[in-house]
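# Architecture and fold: a report
Each chain is listed here by its residues.
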Amino acid sequence: MNLPLVGLKDERSMIRVGDTIIGAREIVLMAGPCAVESGEQMRAAAQGVKAAGGKILRGGVYKPRTSPYSFQGLGEEGIDYLREAAAEYGLLTVTEVMDERSLDVLVDKVDILQVGSRNMQNFHLLKLLGEIRNPVILKRGLAATVEEWLSAAEYILSGGNAQVILCERGIRTFEPSTRNTLDLSAVSLVKVLSHLPVIVDPSHAAGRVDIIPALAKAAVAVGADGLLIEVHPHPEEAQSDGMQSLTPEQFSRLAAELRPIAQSVGRSMAHPQEV
Ligand code: PEP
Ligand code: MN
């Protein structure tokens, strides 16, 4: 593998966003709905994320949907709902960037930009992300090898942006009973191949709520530096990915259950917050 910038170094990278550090001792929780739908929905989600000790609020405003007839996201209107809810609860923001146009809109408005699985090898976008200074969450492609994933990260670093966080979100296999297969081997493998922090999204891997807590715990046990989890105040009403969205209560319970797992591998978890 030709990975001069992404390859393992003497020191692991820590990515600082506001006063949160990804890749330090504390496991960072990032959560929120798949898609931003309203101001009210985002406030309820933000409250739940904050209460559980989460640091970063997620919510897609440009949604890459399989069908053109599915909800495509609120676009610019949604960015305001994401930002206002995050500001109200003292959270940072992450949302998916799709292309040059959405990058222009988002670059000064959100803290972290997410490259979705379907765009992991959009090399034009990766080059543009090398030119900015926002941290980037690079999701592994649906059928990307570890080498392809790390090479995609190399594009961003070689463009000049060293703030890359890798995210394993499940890969496509022959197994249809989960939405994707969470590749926990890859999580531990990239930690020995690269100095970049690695987070896990158990929501898109599972595609169902009931096994998300178990996958999240396993992710922490194998060395993930953080978790990206879909949380919706009313999953049954969600415009996208409701079947894999935890309620704020389920998310708080999970955060508490993660604490002993984190401690057992020498990591820590933020404390729940009064909101
Ligand atoms: C998402 O985070 O909602 C999303 C679309 O994720 P992925 O790119 O992993 O499918
Ligand atoms: Mn989703």
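Residues numbered from 1 in each chain as written. Chains lettered and ligands numbered in written order. Predicted model: local features only at pLDDT ≥ 70, side-chain atom pairs only at ≥ 80, totals over all residues. Heavy atoms only, no water.

On to the site of ligand 1. In the neighbourhood of ligand 1, the contacting residues comprise Cys34, Arg58, Lys63, Glu96, Gln114, Gly116, Ser117, Arg118, Lys139, Arg169, His204 and Glu230. For ligand 1, an oxygen atom lies 2.8 Å from a polar atom in the backbone of serine 117. Measuring from an oxygen atom of ligand 1, one finds a side-chain N or O atom of lysine 139 at 2.8 Å. For ligand 1, whose free accessible area comes to 300 Å², the fraction covered by protein is 97%. (Near = heavy atom within 4 Å. Polar contact = N/O pair within 3.5 Å; in protein donor to acceptor, adjacent residues only side chain to side chain. Areas by Shrake-Rupley, 256 points an atom, 1.4 Å probe, with all protein chains shown as cover.)

What follows deals with the environment of valine 28. Tracing the backbone through its elements, the reader meets valine 28 in strand β3 (residues 26–32). Relative accessible area serves as the criterion here: at 1%, valine 28 is assigned to the buried category. (Helix = DSSP H or I, 4+ residues; strand = E, 2+ residues; numbered from the N terminus. Buried < 20%, exposed > 50% of the residue type's maximum accessible area, 1.4 Å probe, protein only.)

This next bit is on the nonpolar core. Counting 69 residues, the largest nonpolar core has Leu57, Leu129, Leu138, Leu166, Leu227 and Ile229 as its most contacted members. Here the element with the most residues in this core is helix α5 (residues 146–158); it accounts for seven residues. Apart from residues lying up to four places away in sequence, leucine 227 is in contact with Val28, Leu29, Met30, Ile199, Val200, Ala216, Ala219, Val220 and Leu258. Formed by 14 residues, the second largest nonpolar core is a distinct cluster that contains Met30, Leu92, Cys167 and Leu228. (Core = buried A, V, L, I, M, F, W, Y, C linked by side-chain atoms within 4.5 Å. Contact = heavy atoms within 4.5 Å.)

Attention shifts here to the packing of helix α4 (residues 123–130) against α5. In a packed pair of helices, the relevant descriptors are the angle between the two axes and the axis-to-axis distance. Between α4 and α5, the least distance of the axes is 6 Å, while the angle of their chain directions is 40 degrees. On the basis of their axis angle, the class for α4 and α5 is oblique. Where α4 approaches α5, its residues Phe123, Leu126, Lys127, Leu129 and Gly130 are matched on the opposing element by Ala152, Tyr155 and Ile156. For the contact of α4 with α5, a count of residues per class yields six nonpolar, one polar and one charged. (Axes fitted to C-alpha atoms, helices over the stretch in contact; angles between N-to-C directions. Parallel < 35°, antiparallel > 145°, perpendicular 65-115°, else oblique. Nonpolar A, V, L, I, M, F, W, Y, C, P; charged D, E, K, R; others polar.)

Turning next to the coordination of the manganese ion (ligand 2). On the protein side, the manganese ion (ligand 2) has Cys34 (SG), His204 (NE2), Glu230 (OE) and Asp241 (OD) as donor atoms, found 2.0 to 2.4 Å from it. Along the chain, the residues that donate to the manganese ion (ligand 2) are spaced as C-x169-H-x25-E-x10-D. On the criterion of sequence distance, the pair formed by cysteine 34 in the loop between β3 and α1 (39–51) and histidine 204 in helix α7 (residues 202–206) is long-range, its members being 170 residues apart. What makes histidine 204 buried here is its relative accessible area of 8%. (Donors = N, O, S within 2.8 Å, 3.2 Å for Na, K, Ca; no water.)

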